[in-house]
Amino acid sequence: MGGEVVPGLYTSGWARRGSDGVMATTITDSANTAHSILEDLDGLKSRDLPITGCVRELLEGKGVRYVTFDQWSEIDRIEKERGKERGKPREKMTCYNDV
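Keep in mind it's a predicted model, so treat the numbers as computed, not measured.

S.K.: I would appreciate a short explanation of the overall build of the chain in the present structure.
M.R.: For the chain, the count of helices and strands is four helices and zero strands. Put simply, the chain runs from its N terminus to its C terminus through helices and strands in the order α-α-α-α. Every one of the 99 residues in the chain was classed for burial, and the buried ones make up 12%.

Take a look at the structure:
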């Protein structure tokens, strides 16, 4: 959100820094984000948090295609199923249209 710090809203990877870095950067960034959430956990339980609806509205208003958690869970299941057929942990979907 333009560099604005919003209490209770956490980002990681490209959502945090843009399309920059390599896989190891994203993994480290994710671990740091998780650490921040754990540090803030007690305070997060006791106050109002930003609702996901405002994020959804922001993305839709900008025409951004996004995947919900339920949709991601289905993608995860299919990728693992396809990978198993090929003797791999998963077969990644690399195109949004495959989703």
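S.K.: Even after reading the chapter, I still don't get the pattern of salt bridges, so can you show me in this structure?
M.R.: Side chains bearing opposite charge may pair, as long as their charged atoms lie close to each other. Tallying each qualifying case throughout the model produces seven salt bridges. Between Asp 76 and Lys 80 there is a salt bridge, with its nearest N and O atoms 3.4 Å apart. On the criterion of helical spacing, the pair formed by Asp 76 and Lys 80 is a turn pair, its members being four residues apart in helix α4 (residues 69–85). Residues Lys 92 and Glu 79 are paired through a salt bridge, measuring 3.5 Å at the closest nitrogen-oxygen approach.

S.K.: What am I meant to see in the side chain of Asp 29 here?
M.R.: Turning to its location among the elements, Asp 29 is positioned in helix α2 (residues 23–45). On the basis of relative accessibility, which here comes to 3%, the residue Asp 29 falls in the buried class. Once residues within four sequence positions are removed from consideration, Asp 29 is found in contact with Ser 12, Gly 13, Arg 16 and Arg 17.

S.K.: I keep staring at a nonpolar patch on the surface and nothing clicks. Help me out?
M.R.: A cluster of nonpolar side chains, contributed by Val 67, Phe 69, Trp 72, Tyr 96 and Val 99, occupies part of the molecular surface with about 520 Å² of accessible area. Relative to the helices and strands, Phe 69 resides in helix α4.

So, how was this worked out
- Residues numbered from 1 in each chain as written.
- Predicted model: local features only at pLDDT ≥ 70, side-chain atom pairs only at ≥ 80, totals over all residues.
- Heavy atoms only, no water.
- Helix = DSSP H or I, 4+ residues; strand = E, 2+ residues; numbered from the N terminus.
- Buried < 20%, exposed > 50% of the residue type's maximum accessible area, 1.4 Å probe, protein only.
- Salt bridge = Lys/Arg side-chain N within 4 Å of Asp/Glu carboxyl O.
- Contact = heavy atoms within 4.5 Å.
- Patch = residues over 30% accessible without salt bridge, like charges linked within 9 Å, V, L, I, M, F, W, Y side chains within 5 Å.
- Areas by Shrake-Rupley, 256 points an atom, 1.4 Å probe, with all protein chains shown as cover.

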